[in-house]
Structures are given as structure tokens and as C-alpha cells.
Amino acid sequence: MRRLTHPLTGATYEWAEDGVGPVKVTDRQGVVGRFDRDGVRVAGELVPVDPEMCRWIVSGGPVAGGAAARSRRFAAPAAGESAGDPVPQTASHGAQP
Amino acid sequence: MTLPEQLRPPRGLTYQELLDADSHTVPETYRWNVPADLGLADIPISRYLSREAHEAEKERLWSRVWQIACREEQLPEVGDTFVYDIADRSFLIVRHAPGPDGLRAYPNACLHRGRALRDAPGRVAELQCSFHGFCWSLSGELERVPSSWDFPHVEPEKFSLPRVQLDTWGGFVFLNPDPNAESLAAYLGVLPELFTRWPLDQRYTRAHVTKVINANWKLVQEAFMESYHVVTTHPQLLPGFGDANSQYDIFGNVSRTISPRGVASPLIGWRPTEQQALDSALDVREDDPPVLVVPEGGTARQMLAEAARSALRPALGDAVEELCDAELVDSYFVNVFPNAHPWGAFNQIFYRFRPNGDDHRSALMEVQLLAPFAGERPPPAPEIRLGPDEPWRDAVEVLGSLARVFDQDEFNLEAVQRGLQSTARTGVLLSAYQESRIRHFHHLYEQWVPAGESR
Ligand code: FES
Ligand SMILES: [Fe+2]
């Protein structure tokens, strides 16, 4: 659910269906672990994990869209606007170094 | 100055080569390519940790350097005041007249027994001290002294509020406590030229969040001066972010990085499709509904540019057609020594970093989104303050996905401070190119705060 492949390790990171973690990580061998937002292991076999990916998955929430997906570049700046505007309200955030 | 050729990393396309493929003419300033060779020396760690360094900064840096106090839009009407605090000092900015020359700055202190004249921003008719009632006009002339018979030694014409140098650029109010400082224009150098196509005075503050971070202000700032950390701190960006293709430039008191978006990082060992690059840039997950679809033969950069162009059209009108892909897509971040970070093009970001009051072990990181607008200027967004334990994601309603990116940055900052307090090293190691802007900062810092005083 809301799955993202780590571009360097190839492990998948997703919001767990049962919310345990709430991050579920599956490595390329299929070993699974559950982690909290800081990458601390909560359950499962998998040990090594990328805490920054866990933070990204958790802050993005279980469903697409909403404020967490709103881009500073694409969002029209009207006050009180809701997510759901037709133009891409999604994340752009170029890297924020 | 140029870097030795052997220091140039194998990073695929250079940023200049990427500009060659732009669909529009690229502004001349994008073609400036000015790396700096400032040596390879470590940065003394004591500079981040010691109270002496902080005291030296107060005396040698903050009391003499041009620094941003606020935005002009925070004082739109005659009588508006703003309190700017830096380390242990406080300044009062007052709008005494309409127009660009209508602002003044004073030390925020009553000339009687010294009470701060104002505790917070607000609109007033005159500047009356709340302790015994000494009162000055907005333009600083002494107006009243209660029981003036008791002050035969106060000559009103010699008792005006002392002025502090103030000037404006880009809608920012700068001040300088040093009466002998060079002009702001001389200090800023090329900065206005970099921003001619994106006038920041024609923006309004769409979001404003300030957060306390338990680390020295320089450490926090340095985490926002390079794209070198993206590979580890923001790995989700890599399919659509050319971190190692970034260009780093140094100009006097100003430096910049331009990092291309919509292209894959050369550091990942596979080649994402254009759709994957776009999805990464938009945080579309593998099972999310698509937001934008790259058509046959299209590119992620084109799609990002088109989306940015349509978002900007209501504010900028047909002028958006003149903007090149790089202006619409790439991350372009600028640093004005010592602590201001306006982003170029239409990125909208502005950061400022300061010590948290007189505490050298904690910092205020301030973020404003400066958005273009059409018609009447919208009022600036109110400032939201987050404490050290409140994460950036608490501000996701106003900062959107940016708050989530800061959450990743924040994960490291206190830990850097802790690590430096424990390290066996005496210096911080910096890379030659990708961390050259941090080195440039320290190069300037050493001119302002000589070494003997900062260690
Ligand atoms: S790798 Fe950069 S601070 Fe540790
Ligand atoms: Fe970052």
C-alpha cells in the first residue's frame, strides 16, 4: 500500500495494511520487517533499514493526496483551498537541500 | 578560480550541458559557472560548540553585518512596528511614512532606563515606553517626558532615538548595527542581477514557519547549502533529481547551487524511465493513481515545466511563456552571507537561520514561502512557531510536502551537534566541490570573526 522502491537498495517501503510499524519493508530476498517512523524495528525478520525512507513513508500517510502531497510549486496559493484541486496538488518539492 | 580537473566527479551531464537542451533561451546568469578554490582545510569544530565563538560572533558578526530583519510586507501601514531579535540584541523597525523610504530602525531600548520599547509587532501612533512613559514619534523625535521639570538635563532635540542603518532589497528589510558599514548594494554585489527575472519584492508570504532546532545555527544552515546529502537524507528523490549534476557557484558574499530535477541521479545504478522520474518528483507511489502521464517521446522535465507554467499563469499571465525549463523545474538555492537563503526562479522558498536568542546550542530555522500574486497583495501568512520537539510535519497544512522533506533533514541535525561534542576530530571535513559553499561561508566568517576570537 503506497509502495515505493528504494532507488539504491531495491527494497520496497510501504504503509502496512495492518498499520503495524506502520512501515513495512521487504528486501530483494523477500525478507520482511516492520519499522516505526525513525526506522526502529517493531516486528519481523529484516534488520537493516533506511530511517529516512521510513520517515518519508510515514509523513506521506496511508492515502495519496491531501496537504502532505501538496507542492509549493504547483499549488495555487488561495487560502482555504482543499486538496483535490484539478491541477497537480501533489508533491514536487524538488530536493530541499 | 577553477577546480583542478581531477576533482571533477564522474557525474554524467554537467548542469551546463543540461541547459543546452532547454526548450527556451536560458537567462545569461544561468551560464555563469564560478567554482571557488578555497583549499581543503578542515573547519574548527570549536566554532560550533564554544561559547567564546558565540560571543565573538555577537561582537564581530551580528553587530557589523547586513542582515535581514523582516519583510517589508510585515509593515504595510504607517505606525506598524516589528521587533527583530538577534542573539542578545533587539532592534525596532518602524514605518514612519509611506513608500520605500518610510522605514526606520532603532535599538529597541528606551533612552530613559532602557526598557525595550516594544515587545512584539503591532500598530501604534507613537513610541511610548510602558515603564515611565517617555514617548517618541514614529520618526524618532522625543515627544514627551512625564514630569519633564524633573529632567532639566534632557534636551529634547538631542534625545531622538538613535538610528540603525536600514535598507531594503527584494521586499526584505535589512539592517546593520554598524554605522560605518558599507552600503547594502555594495554588500549584496551580484545578488540583484541573479534575481532580475524573479523580483522578490513582488511576492507575498504565503506560509511562514519558525522552528527551534537543538544545534548551532551554522550547523543547521549548512544542511541547506548542498545537494550532497540528498543521496542519503532524501533517497526517495533520486530517480528524479540530479544531485551529483549540481552546479555550485561563488560570487562575493553570495553563493548558489542549481540542481536539476526531472533527471535521474547519476548515483543510482539503473536508468529510470521518464515516467519513473516524474513520479518520483511528484511523490507518486507505485500503487497511487497517476498525477501526470508522460506522453510518448515526452520527458519528465517537460511535464514538470508545463505543470509549473500552468500553476504560475494566474499570477504571471503570458510572461510564463518566456520562462525556460530550468527556471520552472530546477532547485536553485542562494545564500547571502551570513544567514539568508532566498531560492531563485519560482521555487518560492526563503530560509533564515539564527541563534535561538542568546543560546549558541540551539537555532531558529525560519521558512517562508514567497509566492507571486496577481492584483492586490494578499496579507502575509501569520508565523507558526514550532518548538524543538514539534516536528516539521506539524506544519504540513501550510508547507505541504516541504514539511516532510524538512522532517528528513531534521532527523540529522541534533545528532550532528551531539556527534561533534563527542568526536575525536578537531575539525569538520568538507568536500572540495559539492561542499564548497559551506567552505565559502567559513572563508567569509573568518574575515568577520578572526580565528583567535572564534576558537
Ligand atoms: S556523512 Fe555527512 S555528517 Fe556524516
Ligand atoms: Fe535536505
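Residues numbered from 1 in each chain as written. Chains lettered and ligands numbered in written order. Predicted model: local features only at pLDDT ≥ 70, side-chain atom pairs only at ≥ 80, totals over all residues. Heavy atoms only, no water.

1. Digging into helix 1 (residues 51-60) of chain A
Right, on to step 1. Most of helix 1 of chain A is tucked away: 9 of the 10 residues are buried.
Right, on to step 2. Among the residues of helix 1 of chain A, those classed as buried are Glu-52, Met-53, Cys-54, Arg-55, Trp-56, Ile-57, Val-58, Ser-59 and Gly-60 of chain A.
Right, on to step 3. Along its buried surface, helix 1 of chain A packs onto strand 1 (4-5), strand 2 (12-15), strand 3 (23-26) and strand 4 (32-35) of chain A together with helix 7 (230-233) and helix 12 (401-422) of chain B.
Right, on to step 4. The opening residue of helix 1 of chain A is Asp-50 of chain A, an N-cap whose side-chain oxygen sits 2.9 Å from the backbone nitrogen of Glu-52 of chain A. (Buried < 20%, exposed > 50% of the residue type's maximum accessible area, 1.4 Å probe, protein only. Helix = DSSP H or I, 4+ residues; strand = E, 2+ residues; numbered from the N terminus. Contact = heavy atoms within 4.5 Å. Polar contact = N/O pair within 3.5 Å; in protein donor to acceptor, adjacent residues only side chain to side chain.)

2. Digging into the packing of helix 8 (residues 274-281) of chain B against helix 9 (residues 300-316) of chain B
Residues and elements named next belong to chain B.
Right, on to step 1. The N-to-C vectors of helix 8 and helix 9 enclose an angle of 40 degrees; their axes lie 8 Å apart at closest approach. Considering the angle they form, helix 8 stands oblique to helix 9. Of helix 9, the residues touching helix 8 (which contributes Glu-274, Ala-277, Leu-278 and Ala-281) are Ala-300, Met-303 and Leu-304.
Right, on to step 2. Here the contact of helix 8 with helix 9 is composed, by residue class, of 6 nonpolar, no polar and 1 charged. (Axes fitted to C-alpha atoms, helices over the stretch in contact; angles between N-to-C directions. Parallel < 35°, antiparallel > 145°, perpendicular 65-115°, else oblique. Nonpolar A, V, L, I, M, F, W, Y, C, P; charged D, E, K, R; others polar.)

3. Some details on the pairing of strand 4 of chain A
Working note: regular strand, side chains alternate between the two faces of the sheet.
Residues and elements named next belong to chain A.
Right, on to step 1. Bridge count between strand 3 and strand 4: 4 bridges; the pairing is antiparallel. Within the sheet, the bridge partner assigned to Thr-26 lies in strand 4 and is Val-32.
Right, on to step 2. Between the antiparallel neighbours strand 3 and strand 4 lie 5 residues, among them Gly-30 with a positive phi of about 90 degrees.
Right, on to step 3. Linkage of strand 4 to strand 5 (residues 41-44), two consecutive antiparallel strands, is achieved through a turn of 5 residues, within which Gly-39 is found at a positive phi near 80 degrees. (Pairing = 2+ DSSP bridges.)

4. Topic: the packing of helix 1 of chain A against helix 12 of chain B
Right, on to step 1. It is the contact of helix 1 of chain A with helix 12 of chain B, at a shortest axis distance of 10 Å, that shows an interaxial angle of 150 degrees. By the angle between their directions, the pair helix 1 of chain A and helix 12 of chain B is classed as roughly antiparallel. The two elements helix 1 of chain A and helix 12 of chain B cross, and the hand of that crossing is right-handed. Every residue of helix 12 of chain B that contacts helix 1 of chain A at Pro-51, Glu-52, Arg-55, Trp-56, Ser-59 and Gly-60 of chain A is listed here: Ser-401, Arg-404, Val-405, Asp-407, Gln-408, Glu-410, Phe-411 and Asn-412 of chain B.
Right, on to step 2. In terms of residue class, the contact of helix 1 of chain A with helix 12 of chain B is built from 4 nonpolar, 5 polar and 5 charged. (Left-handed = near helix turned anticlockwise from the far one by under 90°.)

5. Let's talk about the sheet that holds strand 9 (residues 142-144) of chain B
Residues and elements named next belong to chain B.
Right, on to step 1. Strand order in the open sheet formed by 3 strands is 7-8-9, and the pairing between neighbours is antiparallel. In this open sheet, the two strands that pair with only one neighbour each are strand 7 (127-128) and strand 9.
Right, on to step 2. In this sheet, strand 8 (residues 135-136) lies alongside strand 7 in antiparallel orientation, the contact comprising 2 bridges. The partner of Gln-128 across the bridge, within strand 8, is Cys-135.

6. Structural notes on the interface of chain A and chain B
Right, on to step 1. The interface of chain A with chain B comprises 38 residues on the first partner and 67 residues on the second.
Right, on to step 2. Counting the surface lost from both chain A and chain B, the interface buries some 4400 Å², and carbon and sulfur atoms represent 56% of this.
Right, on to step 3. Here chain A is connected to chain B by 3 salt bridges.
Right, on to step 4. Note that Glu-286 of chain B and Arg-3 of chain A form a salt bridge whose closest N and O atoms lie 3.3 Å from each other.
Right, on to step 5. If you look at where chain A meets chain B, you find 24 residue pairs in polar contact (both at pLDDT 80 or more).
Right, on to step 6. Elements with a minimum of two residues in the side of chain A that touches chain B: strand 1 and helix 1 of chain A.
Right, on to step 7. Residue contributions to the side of chain A that touches chain B peak at 8 residues, all from helix 1 of chain A.
Right, on to step 8. Considering only residue class, the side of chain A that touches chain B consists of 18 nonpolar, 10 polar and 10 charged. (Buried area = accessible area lost by both parts, 1.4 Å probe. Salt bridge = Lys/Arg side-chain N within 4 Å of Asp/Glu carboxyl O.)

7. Quick word on the packing of aromatic side chains
Residue and element names in this part refer to chain B.
Right, on to step 1. In this structure the tally under the stated criterion is 27 aromatic pairs over all chains.
Right, on to step 2. Considering the side-chain rings of Phe-224 and Phe-406, the 6.0 Å spacing of their centres and the 75 degrees angle between planes classify their relative orientation as edge-to-face. Linking Phe-224 in the loop between helix 6 (217-222) and helix 7 with Phe-406 in helix 12, this pair joins segments that are 182 residues apart in sequence. Both residues of the pair, Phe-224 and Phe-406, belong to the buried class.
Right, on to step 3. Summarising the aromatic geometry, the rings of Phe-333 and Trp-343 are spaced 5.0 Å apart at their centres and angled 25 degrees between planes, so their arrangement reads as stacked. With Phe-333 in strand 15 (residues 331-336) and Trp-343 in the loop between strand 16 (340-342) and strand 17 (349-356), this residue pair connects regions lying 10 residues apart in the sequence. Like Phe-333, the residue Trp-343 is buried in the burial classification.
Right, on to step 4. Of note, Arg-71 hangs over the ring of Phe-172, and the distance from its end group to the ring centre comes to 4.7 Å. (Phe/Tyr/Trp six-rings, centres within 6.5 Å; stacked < 30°, edge-to-face > 60°. Lys NZ or Arg CZ within 6 Å of the ring centre and 35° of its normal.)

8. What to know about the confidence of the model for chain B
Right, on to step 1. Summing up the model confidence of chain B, the mean pLDDT is 96 and the portion of residues at 70 or higher is 97%.
Right, on to step 2. Here the prediction assigns the complex a pTM of 0.93, and the interface score ipTM is 0.92. (pLDDT = per-residue confidence, 0-100.)

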